[in-house]
Structure formats: structure tokens, C-alpha cells
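Chain by chain, the residues run as shown.
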Amino acid sequence: MRTLNVTATRDAAWLARYVATPDKVLASGDPIAARLFEKYKKVPMPNLSLGADDVKALLSYIDQQSRATAAPVKGASAAR
Ligand code: HEM
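Residues numbered from 1 in each chain as written. Predicted model: local features only at pLDDT ≥ 70, side-chain atom pairs only at ≥ 80, totals over all residues.

*Asks:* Please explain the overall build of the protein chain as it appears in this structure.
*Replies:* Looking only at helices and strands, the protein chain features 5 helices and 0 strands. Secondary structure elements of the protein chain, listed N to C terminal, follow the sequence α-α-α-α-α. Evaluated residue by residue, the protein chain yields a buried proportion of 5% over its 80 residues. Put simply, 56% of the contacts in the protein chain that link residues at least 6 apart link residues at least 24 apart. (Helix = DSSP H or I, 4+ residues; strand = E, 2+ residues; numbered from the N terminus. Buried ≥ 20, exposed ≤ 12 C-beta atoms within 10 Å, placed from the backbone. Contact = placed C-beta atoms within 7 Å.)

This is how it looks when you write it as C-alpha cells:
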């Protein structure tokens, strides 16, 4: 799945854990991480050593951007 709307489709606690430590979530045998790993040709997402504040800011940003894309301003061009 793409990152757009991920804050609406995944559990918030899972997302925070995954973005912070994708390597550990995958290694733990997490079924969602395992499915993504298979889907994306066994390319693992690297652990970016993000702090808790970074993770929060990123997920909040993704959430905002997803909402903006899902509900474009009325009258704005539909072209993307
Ligand atoms: C701040 C930067 C990043 C954020 C916020 C982020 C976020 C995410 C999220 C939320 C998922 C899970 C998507 C889902 O649940 O469907 C994911 C998966 C993934 N990400 Fe990232 N990501 C970041 C950086 C990166 C980088 C730098 C790479 C590779 C160079 C990467 C590679 C992947 C891959 C390959 C997956 C699929 C999982 C897998 O194949 O094991 N990500 N990412």
C-alpha cells in the first residue's frame, strides 16, 4: 500500500512502531510487515533512527496531506 492515507488505514500504534523501527517489527514476525516485505520484492524498509518526535511529526504530516488530497478544494482543478 502507498503512504497516502496510511494514517487512516493502519492502526496508529502499529504505524508509529513501524516507522520508528521497521526492522524490528518485521523481525518480530508481524504479519502486516511480512506481507509488505513480500509485496515489495523483499526490499526491507531501513531503520532511519527517527526519534519519537520525528515519528509524530511525520505521521501528522502524512495525515494532513492525505486529507488534503482526499478532499480537494471545491472548484480547484482536478488535474494532478
Ligand atoms: C521518513 C521516511 C519514511 C516514512 C515516514 C516511511 C513510512 C513507511 C510506511 C508507513 C510504510 C508501511 C506502508 C503500509 O503500511 O502499507 C513503509 C513501508 C516501506 N518503506 Fe518506508 N518510510 C520512510 C522511508 C523509507 C526509506 C528511506 C526507504 C528505502 C530506502 C523505505 C522503504 C520502504 C519499503 C521497501 C516499504 C515496504 C515494506 C517492506 O518491503 O519491507 N521507506 N514506509
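*Asks:* Please clarify how unusual backbone geometry should be interpreted in this entry.
*Replies:* Most peptide bonds adopt trans geometry, and most residues besides glycine take a negative phi value. Non-glycine residue N5 carries a positive phi angle of around 70°. Tracing the chain through its elements places N5 in the segment before α1 (6–9). The exposure class of N5 is partly exposed, given the 16 C-beta atoms found within 10 Å. Its identity as a non-glycine residue notwithstanding, S49 has a phi of 55°, on the positive side. With respect to the helices and strands, S49 occurs in the loop between α4 (31–39) and α5 (52–70).

*Asks:* I tried to follow the environment of R17 on my own but got confused; where do I start?
*Replies:* Mapped onto the secondary structure, R17 falls in helix α2 (residues 12–20). What makes R17 partly exposed here is the crowd of 17 C-beta atoms within 10 Å. With 35 residues separating them along the chain, R17 and A52 place their C-alpha atoms 9.6 Å apart.

*Asks:* Could you clarify how one ought to interpret the packing of α2 against α5 in this entry?
*Replies:* Helix-helix packing: each pair is described by the crossing angle between the helix axes and the interaxial distance. Between α2 and α5, the shortest axis-to-axis distance is 10 Å and the interhelical angle comes to 120°. Between α2 and α5, the angle falls in the class oblique. The two elements α2 and α5 cross, and the hand of that crossing is right-handed. For the pair formed by α2 and α5, the contact residues are L15, A16, V19 and A20 on the first element and V55, L58 and L59 on the second. (Axes fitted to C-alpha atoms, helices over the stretch in contact; angles between N-to-C directions. Parallel < 35°, antiparallel > 145°, perpendicular 65-115°, else oblique. Left-handed = near helix turned anticlockwise from the far one by under 90°.)

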